[in-house]
Amino acid sequence: MTGRGELTDAAWERIEPLLPQVDGRGRPWRDHRQVVNGVLWRLRTGAPWRDLPDRYGPWQTVYERFARWESDGTWAKLLEHVQVRDDAVGRVEWSVSIDSTINRAHQHAAGARKKGNTDGDEPEDPGRAQARQALGRSRGGLTTKVHLAVDGRGLPLSIVLTPGNVNDATAFGQVLAGIRVPRAAGGRPRTTPERVLGDKAYSSRAIRHLLRRRSIVATIPERRDQAANRRRRGTLGGRPPAFDKAIYRDRNVVERCFARLKQFRAIATRFDKLADRYRAGVVLACLILWLREPLGDHLSDRL
């Protein structure tokens, strides 16, 4: 019997063949499904790993496999697989919305050990160490910003972490570059959306130029100060950027995606010291969103 928040039989059947079959150390794997459900329980509740219920096995096993599959890219491969599958049947809507959300970092998220000194025996600057782990200090304390690019259905295509005090526009290029969906039939992966929707935080000349150079339609409202400066310059200010209010209403899908991700309490509040571990949790939560999307009988026949 499937517990609350655990993998359904249909979801498990889709990801089971993609999981590593050989331990590599001569020992049998503990049941993969039991371990994955344990990771999901921790993401959903935000509890410490040591408080994992006994039905998921030893907490050390669950954490080690979570960390190991983050290091070897297994979680990322699972997410890529479901993206490829949906794109192969034409279900990915390439009108992409980009935005970010700030998540508070728990006090236990600070103070991660670094693997050796970068400059001999000199200690690393604490501010640089926090930035390297995507931790930024603001009025509310330490925060991490999660940047997402989602398709027209609100399913994530690209995930980027930055410190919470980083401006959205500075991470736009990295988020756009993170969109990469391989094609099932081979060839170059799909990296260019048809349209990008963003709020006024992304209204900059550099971003509009980047999208125009890649032949991507931009649906980004102009900021008031930019419009005032353009009008003040008269004919030298040029024409206002094209903007479709009706299409812009579809940008709410990225806000809904953040709301669904924050149902996982270990994502709404960051407890992980390492940015890679926290990002792996976000990737796994995004995978669950993709798995929950119904495929439909008429599409499953084509797979």
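Residues numbered from 1 in each chain as written. Predicted model: local features only at pLDDT ≥ 70, side-chain atom pairs only at ≥ 80, totals over all residues. Heavy atoms only, no water.

**Topic: the overall build of the chain**
Consideration 1: Within the chain, the regular secondary structure consists of 13 helices and seven strands.
Consideration 2: Of the contacts made within the chain by residues no fewer than 6 positions apart, 66% connect residues no fewer than 24 positions apart.
Consideration 3: When the accessible surface of the chain is split by element, carbon and sulfur atoms take 48% of a total near 16500 Å². (Helix = DSSP H or I, 4+ residues; strand = E, 2+ residues; numbered from the N terminus. Contact = heavy atoms within 4.5 Å. Areas by Shrake-Rupley, 256 points an atom, 1.4 Å probe, with all protein chains shown as cover.)

**A look at the pattern of salt bridges**
Consideration 1: With the rule as written, the count across this model stands at 13 salt bridges.
Consideration 2: Residue E80 is joined to R180 by a salt bridge in which the shortest nitrogen-to-oxygen separation is 3.9 Å. Of this pair, E80 sits in helix α4 (residues 74–88) while R180 sits in the loop between α6 (172–177) and β5 (195–197), and the two are 100 residues apart along the sequence.
Consideration 3: A residue is classified by how much of its surface remains accessible, and E80, at 32% relative accessible area, is partly exposed.
Consideration 4: Looking at R180, the relative accessible area reads 45%, which means it is partly exposed.
Consideration 5: Between D168 and K145 there is a salt bridge, and its shortest N-O distance comes to 3.0 Å. With D168 in the loop between β4 (156–163) and α6 and K145 in strand β3 (residues 141–150), this pair connects stretches of sequence that are 23 residues apart. (Salt bridge = Lys/Arg side-chain N within 4 Å of Asp/Glu carboxyl O. Buried < 20%, exposed > 50% of the residue type's maximum accessible area, 1.4 Å probe, protein only.)

**Re the packing of helix α2 (residues 32–45) against helix α3 (residues 59–71)**
Consideration 1: Interhelical geometry of α2 versus α3 gives an angle of 90° and a closest axis separation of 9 Å. On the basis of their axis angle, the class for α2 and α3 is roughly perpendicular. Contacts from H32, V35, V36, G38 and V39 of α2 reach α3 at V62, R65, F66 and W69.
Consideration 2: Tallied by class, the residues present in the contact of α2 with α3 amount to six nonpolar, two polar and one charged. (Axes fitted to C-alpha atoms, helices over the stretch in contact; angles between N-to-C directions. Parallel < 35°, antiparallel > 145°, perpendicular 65-115°, else oblique. Nonpolar A, V, L, I, M, F, W, Y, C, P; charged D, E, K, R; others polar.)

**Observations concerning the pairing of β3**
Consideration 1: With respect to burial, β3 is a largely interior element, 10 of its 10 residues being buried.
Consideration 2: Where strand β1 (residues 95–105) and β3 come together, eight bridges link them in antiparallel fashion. When the bridges of β3 are listed, T101 appears paired with V146.
Consideration 3: Strand direction decides the pairing type here: strand β2 (residues 136–138) and β3, joined by three bridges, are antiparallel. Counterpart to G136 in the pairing with β3 is T143. (Pairing = 2+ DSSP bridges.)

**Observations regarding the packing of aromatic side chains**
Consideration 1: Applying the stated criterion to the full structure yields six aromatic pairs.
Consideration 2: Arranged with centres 5.3 Å apart and planes meeting at 70°, the rings of W49 and Y63 form a pair that is edge-to-face. One end of the pair, W49, is in the loop between α2 and α3; the other, Y63, is in helix α3, and 14 residues separate them in sequence.
Consideration 3: Against the face of W94 rests R190, its NZ or CZ located 4.3 Å from the ring centre. (Phe/Tyr/Trp six-rings, centres within 6.5 Å; stacked < 30°, edge-to-face > 60°. Lys NZ or Arg CZ within 6 Å of the ring centre and 35° of its normal.)

**Structural notes on the environment of V196**
Consideration 1: Mapped onto the secondary structure, V196 falls in strand β5.
Consideration 2: Given a relative accessible area of 1%, V196 falls into the buried group.
Consideration 3: Sequence separation between V196 and I220 is 24 residues; the distance between their C-alpha atoms is 7.9 Å.
Consideration 4: The residues touching V196, leaving out its near neighbours within four places in the chain, are V96, I98, F172, L176, L211, I216, V217, A218, T219 and I220.

**As for unusual backbone geometry**
Consideration 1: Its identity as a non-glycine residue notwithstanding, A134 has a phi of 60°, on the positive side.
Consideration 2: Among the structural elements, A134 can be located in the loop between α5 (126–132) and β2.
Consideration 3: In this structure A134 comes out as buried when scored by relative accessible area, which is 5%.

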